[in-house]
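# Descriptive analysis of the structure
Listed below, chain by chain, are the residues.
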Amino acid sequence: MSYVLSASDNNPWFGLQYFQYESQRQQYLHSAIEQVELTVISVAIGIVLAFAISLVIRRFPIAENFTIGLMDGIYSLPSIALFSILLPFTGLSLFGPIIGLTLYTQLILVRGFVEGFRSVPDSAILAADGMGYGKIRRIARVELRLAMPVIISSIRMASVSTVAMVPVAFILSHGGLGEIMTLGYANNLYRQQVVDAVIGMVILAILLDLIILAIGRNVTRWNRQQGLVGT
Amino acid sequence: MTATSDVHAERGAGTPDDEVAIRLRGLHKVYDNGVVAVDNLNLDIRRGELVCLVGPSGCGKTTTMKMINRLIMPTSGRVEIDGGDVGDMNPVQLRRGIGYVIQQVGLFPHENIWNNVGEVPRLLGWPRKRRRDRADELLRLVGLNPAIYGDRYPAQLSGGQQQRVGVARALAADPPVLLMDEPFSAIDPIARAGLQREFIRIQGEVRKTIVMVTHDIEEALFMADRIAVFGAHGAAEQFDTPATILARPANEFVEDFVGGDRGIRQLSVTSVAGTALEATVVVDRAASAAEARAALQLRSRDWAVVLDEQRRPVGWVTASDLPDTGQVEAVMRGADGICVSTAQTLRHAAARILERDESWVLVVDDASRELLGALTLEHIHSAVRTPIGGDDRHDNDGDASGPADRTVGARP
């Protein structure tokens, strides 16, 4: 049983009335989980894809401008339009939002990986080669590790922007908390419902950011140690 | 190829195979843009020898070095290490067996000092404990306390300390060959001089075959057993000992590159061992003054060295010091500051002479401290003008020096 707001009802911005119905609590939780799922899956696929693309760019530097340009182009597509374009191909499956969201992460993530690799000191690469690191081992144990500070910050940016992008996927009926928000608009602009959805998204974004920050600090501990003794 | 490198190629070819650690044969490198970096180079580098490749920038010295561990592939020609053609080896495996030190140090910023030193052992699959023990040993060898520096990150060390770690890292898996690309040039001059001295000490302990690239002729003269002077176009103009390069530059290019004051600078690289010495009158410490005076008169000299039973100088006397009666030991002057050893250079000897009122110093054997003879400024002068050849710096201690005059040693 869900609460239907009538135009004459009291309609404050803040409050917990929205959560007094079990069905609405269920719906909110379901949407929040979907929001997290979509964000995590899209960013995860985005990271793998961006890593692969950045390796290609490293190998063929000439591809960089073209690739970044393409990403720029995708990023400038209005998200509503992109999801609409995907609709005939993916239907209402989860693939639609995941494909769309992943594409939007690429501008930030590919840049992050490319700039991250670029930030690796040449001397470390030369030393690694001279010591007898094979190519793959050098990327995994030296370059990726040293690129991590830049990569981590791009991942943080990409996840926050993805959290904000998920609601648009309501077009494919997988909008996460965006669904709650949209329903709130439809429900005579039920202010609490809209605001609660927004608050939920902000909390999710902050939590996700903090988690990645914590992971990042752990894998880049060396980077903070540097400041302790001046050289 | 120049006439000089022909000459030295022939000489190099005469070096017995088992003494040669690294052999470069007809080495040629043309870059894609058509620049000839190395032009038909032949060098034989002996086991345990520190060879400096020196020359102006763009002369191909770094390219030559990088062809040894295959960071650069030669256009033609061969590099052999211990008789094996490196062209046939897996480059990754090859490099794990060659220590490598670069100018920018290139420590891994994300690893602590222990792990940085243990990189190659880790690639070779050594267990953790053995890596740590080896890292500790090497950090101590390069003068860093592992307990203090082991868990620091490279950015927490000074430039000089970082390069010490760089050297330790290169030595970690105990490779027989070390390649060093301007290892000390990014370090401030004061720390650099200390590091160079210390590296010579380390080399004395580890005795690696070392190829070191430098643009600094002073560094090469100071550190190298032999120097290959590269000309402008990737050919070796001369390959010889520092003393010979200073004394007999092969051509005008080498002469210009080595620079002025060659005579003075030659003193720093020429050992006292191998310089002609003058016989001196010696007396036993137990001799009487009368015996000493008789010995001096016989030889028409006015001073004599007083020796102990092991023929080590303990003092000296002049004719006018000697009383009519009594013992030599009672009137002799101390031996402080009048001796140099065969391990020291002519520069030390010259400085010692200039500090004293007398015109000579005594030369003693580095190990036994036994008297070999006296050295005067005239000897130093002639040593610089008619230099000793090839390898005399290392292996002819005392041969060329006249023995001290033993016949005069008077017994009581």
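Note that the structure is predicted; figures quoted are calculated from it, not measured. (Residues numbered from 1 in each chain as written. Chains lettered and ligands numbered in written order. Predicted model: local features only at pLDDT ≥ 70, side-chain atom pairs only at ≥ 80, totals over all residues.)

### Quick word on the sheet that holds strand S16 (residues 360–364) of chain B
Residues and elements named next belong to chain B. With mixed pairing, the 3 strands of this open sheet are ordered in space as S15-S16-S17. Each of the sheet's edge strands pairs with one partner strand only, and the pair in question is strand S15 (339–341) and strand S17 (371–376). When strand polarity is set aside, the average angle formed by the axes of neighbouring strands in this sheet is 35 degrees. In the sheet, S16 pairs with S17 via 5 bridges, with the strands oriented antiparallel. By the bridge assignment for S17, Val-363 is matched with Gly-373. Along the sheet, helix H16 (residues 346–355) contacts S15, S16 and S17; its crossing angle with S16, the most-contacted strand, is approximately 140 degrees. (Pairing = 2+ DSSP bridges. Helix = DSSP H or I, 4+ residues; strand = E, 2+ residues; numbered from the N terminus. Axes fitted to C-alpha atoms, helices over the stretch in contact; angles between N-to-C directions. Contact = placed C-beta atoms within 7 Å.)

### Observations concerning the sheet that holds strand S14 (residues 333–334) of chain B
All names here are of chain B. The strand order S11-S12-S13-S14 describes an open sheet built from 4 strands, whose pairing is mixed. The open sheet terminates on both sides in strands that have one partner only, identified here as strand S11 (282–284) and S14. When strand S12 (residues 303–307) meets strand S13 (residues 313–318), the two strands line up antiparallel, connected through 5 bridges. For Val-305, the partnering residue across the bridge sits in S13 and is Trp-316.

### With respect to the confidence of the model for chain A
Residue-level pLDDT values for chain A average 87, and 94% of them are 70 or greater. Below pLDDT 50 for its whole length, residues 227–231 of chain A participates in 6 contacts with residues either more than four positions away or in separate chains. (pLDDT = per-residue confidence, 0-100.)

### Here we look at the packing of helix H8 (residues 159–171) of chain B against helix H9 (residues 189–206) of chain B
Residues and elements named next belong to chain B. Running from amino to carboxyl end, H8 crosses H9 at an angle of 20 degrees, the nearest separation of the two axes being 11 Å. Put simply, H8 runs roughly parallel to H9. With respect to the hand of their crossing, H8 and H9 are arranged in right-handed fashion. Seen from H8, the contacting residues are Gly-160, Gln-163, Val-167 and Leu-171; seen from H9, they are Ala-191, Leu-195, Phe-199 and Val-206. Taken together, the residues of the contact of H8 with H9 break down into 6 nonpolar, 2 polar and no charged. (Parallel < 35°, antiparallel > 145°, perpendicular 65-115°, else oblique. Left-handed = near helix turned anticlockwise from the far one by under 90°. Nonpolar A, V, L, I, M, F, W, Y, C, P; charged D, E, K, R; others polar.)

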